[in-house]
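# Fold and contact review
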Amino acid sequence: MIADSQSSHRILVDEPGLLLAQCRCCGEIELYFQGMALALTLTDLHALVTRLDSLPTSPNYVVNLLDVRDTTARVGFQAVGLHLNANDRDRLLRGLSLACMRLDMNLFTQRQLPLN
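Presented here is an overview of the structure given in this document. What you see is a predicted model; the values in this text were computed from it and never measured.

### Points about unusual backbone geometry
Residue Gln34 is not a glycine yet carries a positive backbone phi of 50 degrees. Among the structural elements, Gln34 can be located in the loop between β3 (29-33) and β4 (36-40). A relative accessible area of 44% means that Gln34 is categorised as partly exposed.

### A closer look at the packing of helix α1 (residues 42-53) against helix α2 (residues 86-109)
Between α1 and α2, the shortest axis-to-axis distance is 10 Å and the interhelical angle comes to 140 degrees. The angle between α1 and α2 falls in the class oblique. By crossing handedness, the relation of α1 to α2 is classed as left-handed. On the side of α1, the interface is formed by Leu42, Leu45, His46, Leu48, Val49, Leu52 and Asp53, while α2 contributes Arg89, Leu92, Leu93, Leu96, Ser97, Cys100 and Leu103. Across the contact of α1 with α2, the residue classes break down as 10 nonpolar, 2 polar and 2 charged.

### Some remarks on the sheet that holds β3
Taken together, the 4 strands give an open sheet; going across it, the order is β1-β2-β3-β4, and neighbouring strands pair in antiparallel fashion. Bordering the open sheet on either side are β1 (9-15) and β4, each of which pairs with just one other strand. Averaged over all pairs of adjacent strands, the angle between their axes in this sheet comes to 15 degrees, without regard to strand direction. Here 5 bridges tie β3 to β4, and the two strands are oriented antiparallel to one another. Residue pairing in the sheet places Ile29 in a bridge with Leu40 of β4. Contacts from α1 reach β2 (18-23), β3 and β4 within the one sheet, and its direction differs from that of β4 by about 120 degrees. Those strands touched by α2 are β1, β2 and β3, and its axis lies near 145 degrees from that of β1.

### Describing α1
Relative to the 16 Å expected for 12 residues at 1.5 Å per residue, α1 spans 17 Å between its end C-alpha atoms, a close match to the ideal helical length. Regarding α1, the residues found buried are Asp44, Leu45, Leu48, Val49 and Leu52. Buried residues in α1, looked at end-on, bunch into an arc of 140 degrees, giving them a common side. Across α1 from its buried face, at more than 90 degrees, point the exposed residues Thr43, Thr50 and Asp53. Considering only its buried residues, α1 is in contact with β2, β3, β4, β5 (60-64), β6 (81-85) and α2.

What counts and what doesn't
- Residues numbered from 1 in each chain as written.
- Predicted model: local features only at pLDDT ≥ 70, side-chain atom pairs only at ≥ 80, totals over all residues.
- Heavy atoms only, no water.
- Helix = DSSP H or I, 4+ residues; strand = E, 2+ residues; numbered from the N terminus.
- Buried < 20%, exposed > 50% of the residue type's maximum accessible area, 1.4 Å probe, protein only.
- Axes fitted to C-alpha atoms, helices over the stretch in contact; angles between N-to-C directions.
- Parallel < 35°, antiparallel > 145°, perpendicular 65-115°, else oblique.
- Left-handed = near helix turned anticlockwise from the far one by under 90°.
- Contact = heavy atoms within 4.5 Å.
- Nonpolar A, V, L, I, M, F, W, Y, C, P; charged D, E, K, R; others polar.
- Pairing = 2+ DSSP bridges.
- Expected span 1.5 Å × (residues − 1).
- Arc of directions from axis to C-beta.

Structure (structure tokens):
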């Protein structure tokens, strides 16, 4: 995926094994992490950040992704989750948080984000 003015996506985070991009036409966030692809709304993105940030310290994590969606009917299947070790969780959380900051900064520079 090329991040230029002609691209259909704006790259938010591009690191080895982690890519977050925003569709220019619909605003949907695409997450690619360790071979998994997931489409997120802005609400889903913030919910996933909150979910990962609120997990207690552990060497391994199982993150139920249905917890971050507004309804299980949207996905059409039941067992959706991530198995992460502590380093993967931290790396994913850092990448998601960076994407949120870049989205906020974009809104701020376009004067669409309230100052409070």
